[in-house]
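What follows is each chain in one-letter form.
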Amino acid sequence: MHVEVPTLLGAGLVLLLIFWLGFLSIKIKFPNVILYILLGIVLADAIHGNEILHFASEIGIVLLFFLLGLEFNIKRLGGIAKKIWPAGLLDVAFSLGISLLICLGFGLDLLTSFLIGGVTYATSSSITAKLLDDTSRMANSETEFILALLIFEDLVAPVIVAVLMGVTSGGEFQTVDLLILVGKIIGLTVGAIILGKTLFKRFEELLEKIDDEDFKIALLIGISLSYGGLALYLGLSEVLGAFLAGMMLAEIGKIERVEQTVLPVKDLMLPLFFVYFGTTIEFGDGVPKVGLLITLIGWSLVAKILVGMIGGRLYGLSKRVSFRAGLSICSRGEFSVVIAALATGVIKVFSGIYIVIAAFIGMMLFERAPQITNLIYGKPMKKKKNLKVPG
């Protein structure tokens, strides 16, 4: 007998479980993100339709990328864009292109192969950004490269989704549709730049005049949700819109004031995203196409490590740092789920199993990336201080 849990009760119980799992993860030194996803999988039937959980999870992921955008003003983002495109194209070729060819080699048709290639393509922006923050690696030399690659993927992934939606819906996805999509991305980005240089130029002065934190929270979260929502309205990713919203405010002098206001809300809402993400993973009876699944998991891990090693060097990183970056971008997540949702039957089950395994292995590699790098390249030499000899 199925008992329907009231929405508010369900949301409250989920928050209590998140607290317990977060506490448990500290005690057993295990990534809390994985525990949150597993919680969502276990509770999928009970909370999948919980509107509060869904809404809160959207706010969490939007605020995460809004805060990331604050670290990238327009000048810095322009400099990164010039350096990231070789690694970005390499990522498309390895993670999407070769995965597509592997599927064709296993006898799948072109559309199904392209769909699965899309599932294996994008690194999970939310999981990776959360782990960077949790492990205090935001200041590491590879972090800028990782975030730049995630943004590149967030620009390419909506194109993949749009193509698949056009084809699977029975319509034809023509060149003009692709041009319109690219135009939307450019328009949203240019709009953020213009707003950052005009409307938000004196934003810091406005924040100083607001003494009540309640009003300040409403203003900042309203900006991030509005621009993220505008991106969704245009058929793009909300995380792209949220990142651009943060970039608009990155021009102000002291971004710490914005961060201090938004951070507590983000910390509350973000775990709910991973729980909700877990509820979207669907499993059927048995594991379909085991040989293809193992092959794709193996290749997708190798592909990301190669993108880090080769792309990182092209970006200007050392061999050691490039390898560490490659180990840190193996998780699959939200875009993979969006693309997998377009599949049907056995392919949807296959995609769900792939996402969970790839997310788990990817997070394990991220957690152990520094140790694995030290094992292969040796521990970095500490700089000796110059001692002055008296006299």
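Residues numbered from 1 in each chain as written. Predicted model: local features only at pLDDT ≥ 70, side-chain atom pairs only at ≥ 80, totals over all residues. Heavy atoms only, no water.

1. Concerning the overall build of the chain
The line we're drawing: By definition, any uninterrupted DSSP run of H or I lasting at least four residues is a helix, any uninterrupted run of E lasting at least two residues is a strand, and each is numbered from the N terminus. Buried means the residue's accessible area, taken with a 1.4 Å probe over protein chains only, is under 20% of the maximum for its type, while exposed means over 50%, and partly exposed covers the values in between. In what follows, a contact means two residues having at least one pair of non-hydrogen atoms within 4.5 Å.
Along the chain, the regular secondary structure elements total 17 helices and zero strands. The burial tally for the chain puts 51% of its 391 residues in the buried class. Across the chain, the fraction of contacts at a sequence separation of at least 24, relative to all contacts at a separation of at least 6, is 83%.

2. Considering a nonpolar patch on the surface
The condition is simple: Each patch is built from residues that are more than 30% exposed by relative accessible area and take part in no salt bridge. Like charges join if they lie within 9 Å; nonpolar side chains (Val, Leu, Ile, Met, Phe, Trp, Tyr) join within 5 Å. Accessible surface area values rest on a Shrake-Rupley calculation with a 1.4 Å probe, where residue burial reflects the displayed protein chains alone. The rule for a salt bridge is simple: a side-chain nitrogen of Lys or Arg has to be within 4 Å of a carboxyl oxygen of Asp or Glu.
A cluster of nonpolar side chains, Met309, Ile310, Leu314, Leu375, Ile376 and Tyr377, forms an exposed patch at the surface whose accessible area comes to about 590 Å². If you list the elements that add at least two residues to the nonpolar patch, you get α14 (290-315) and α17 (345-377). Mapping isoleucine 376 onto the fold places it in helix α17.

3. Some remarks on the packing of aromatic side chains
Keep this limit in mind: Aromatic pairs are defined between Phe, Tyr and Trp rings, using the six-membered ring for Trp, whenever the two ring centres lie within 6.5 Å; interplanar angles under 30 degrees are classed as stacked, those over 60 as edge-to-face, and all others as tilted. Lysine NZ or arginine CZ positioned within 6 Å of the ring centre and within 35 degrees of the ring normal marks a charge as sitting over the ring.
Overall, the coordinates contain five aromatic pairs when judged by the stated rule. Pairing phenylalanine 19 with phenylalanine 23 gives two aromatic rings, centres 6.5 Å apart and planes at 20°, and the pair type is stacked. Of this pair, phenylalanine 19 and phenylalanine 23 both sit in helix α1 (residues 7-28), separated by four residues, roughly a single helical turn. Residue phenylalanine 23 is classed as partly exposed on the basis of its relative accessible area of 47%. Its end group placed over the ring of tyrosine 121, lysine 304 keeps NZ or CZ at 5.4 Å from the ring centre.

4. Topic: the side chain of glutamate 153
Test applied: For this analysis, a polar contact is any N or O atom pair within 3.5 Å, provided that within protein one partner can donate a hydrogen and the other can accept it, and provided that sequence-adjacent residues contribute only side-chain to side-chain pairs.
Checked against the element boundaries, glutamate 153 lands in helix α8 (residues 143-168). Judged by relative accessible area, which is 1%, glutamate 153 ranks as buried. At 2.8 Å, the side chain of glutamate 153 forms a polar contact with the backbone nitrogen of threonine 123. Side chain to side chain, glutamate 153 and lysine 304 meet in a polar contact 2.7 Å long.

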